[in-house]
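An overview of the molecular structure
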Amino acid sequence: SNFCVTVNWDYVVKGFASRTESSRAHVKTQYQQTRSALAEVTARQNLLSDELEKASYNSGKMKEEMQVLKNPDIKMVAMKGMPNAPEAMAMVYWNPVTKEAYVSVKNLPPAAENEQYQLWALVDGKPVDAGVFELSADTLQKVKDVSAAQTFAVTLEKRGGSPSPTLENYRDWE
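Residues numbered from 1 in each chain as written. Predicted model: local features only at pLDDT ≥ 70, side-chain atom pairs only at ≥ 80, totals over all residues. Heavy atoms only, no water.

This part takes up the overall build of the chain. Of the regular secondary structure elements, the chain holds one helix and eight strands. In the chain, the succession of α and β elements from N to C terminus is α-β-β-β-β-β-β-β-β. In terms of its C-alpha atoms, the chain occupies a principal-axis envelope of roughly 130 × 35 × 25 Å. Burial analysis of the chain (174 residues in total) assigns 25% to the buried set. Considering only contacts in the chain between residues 6 or more positions apart, those separated by 24 or more positions represent 57%. Summing over all exposed atoms, the chain offers an accessible surface of approximately 12,500 Å²; the carbon and sulfur share of this is 55%. If you average the places of the 20 positive and of the 22 negative side-chain charges in the chain, the two averages end up 8 Å apart. (Helix = DSSP H or I, 4+ residues; strand = E, 2+ residues; numbered from the N terminus. Buried < 20%, exposed > 50% of the residue type's maximum accessible area, 1.4 Å probe, protein only. Contact = heavy atoms within 4.5 Å. Areas by Shrake-Rupley, 256 points an atom, 1.4 Å probe, with all protein chains shown as cover. Lys, Arg positive; Asp, Glu negative; His and termini not counted. Charge placed at Lys NZ, Arg CZ, Asp CG, Glu CD.)

In structure tokens, the structure reads:
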């Protein structure tokens, strides 16, 4: 007995094509999801790397500041605000041996965009420029080296500083 099977090849090919297309769509979706997840992981890794770099920098700054503060040669000069800014405060850390000077400020009134605070070393009653500083820094700020000083004062000057203090901009310190 012979038996004959008739195959509808058109149906088989269409079914195979349909399954292949379905598989291709599934693979494409998985690929896109994987790429998206990889992009998120990469972005998170970059963010964590930036945070680690910042933390490392801050740690280095803190160690550097601790070395300054713990140095037995450092002279600390506290300057408190006067009636026009009673909450203002500045600390000068000066090493008469190395001549290095640093300033740390708190609650100084904001300067105009074209102005900047300037530190002065007073030597025999005469002001000597010790450099300008920013209010935004929350750490010790290195200013110019100071070879001698009996005390310190602060003025508000044009941005970049002035060769001599503008006395009407003098910020009184106790």
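Still to come is the rest of the account.
Counting 22 residues, the largest nonpolar core has M79, V92, W94, L119, F133, V146 and F152 as its most contacted members. Beyond its immediate sequence surroundings of up to four residues, L119 is in contact with M79, V92, V128, D129, A130, G131, F133, V143, F152, A153 and V154. Counting six residues, the second-largest nonpolar core is a separate cluster that includes V68, M91, Y93 and L140. (Core = buried A, V, L, I, M, F, W, Y, C linked by side-chain atoms within 4.5 Å.)

To continue, consider the confidence of the model for the chain. In regions of low pLDDT, the predicted coordinates are not meant to be interpreted in detail. In this model, the chain carries a mean pLDDT of 85, and residues with pLDDT of at least 70 account for 94%. Here strand β8 (residues 170-171) stands out as the least confident element of the chain, with mean pLDDT 52; strand β5 (residues 126-133) is the most confident, with 95. (pLDDT = per-residue confidence, 0-100.)

Taken together, the four strands give an open sheet; going across it, the order is β1-β2-β3-β6, and neighbouring strands pair in antiparallel fashion. In the strand order of this sheet, the two ends are held by β1 (75-80) and β6 (141-142), each with one partner. Alignment of strand β3 (residues 101-106) against β6, held across two bridges, turns out to be antiparallel. Opposite Y102, over in β6, you have K142 as the bridge partner. (Pairing = 2+ DSSP bridges.)

On to the pairing of strand β4 (residues 115-123), then. Of all nine residues in β4, seven are buried, a share of seventy percent or more. For β4 and strand β7 (residues 151-158), the ladder comprises eight bridges, and the chain directions are antiparallel. Paired with A121 across the two strands is F152, which belongs to β7. Here β4 pairs with β5 via six bridges, running antiparallel. Directly across from Y117, in β5, lies its bridge partner F133. The antiparallel pairing of β4 with β5 creates a hairpin that spans two residues between the two strands, and D124 there sits at a positive phi of about 50 degrees.

Right, let's get into a nonpolar patch on the surface. Where nonpolar side chains cluster on the molecular surface, the patch consists of F3, V5, V7, W9, Y11 and V12 and spans about 740 Å² of accessible area. When you line up the elements, Y11 lands in helix α1 (residues 9-70). (Patch = residues over 30% accessible without salt bridge, like charges linked within 9 Å, V, L, I, M, F, W, Y side chains within 5 Å. Salt bridge = Lys/Arg side-chain N within 4 Å of Asp/Glu carboxyl O.)

Non-glycine residue K99 carries a positive phi angle of around 75 degrees. Looking at the secondary structure, you find K99 in the loop between β2 (89-94) and β3. By relative accessible area, which is 30% here, K99 ends up partly exposed. For N107, which is not glycine, the phi dihedral falls at a positive 65 degrees. Secondary-structure assignment places N107 in the loop between β3 and β4. We classify N107 as partly exposed; its relative accessible area is 42%.

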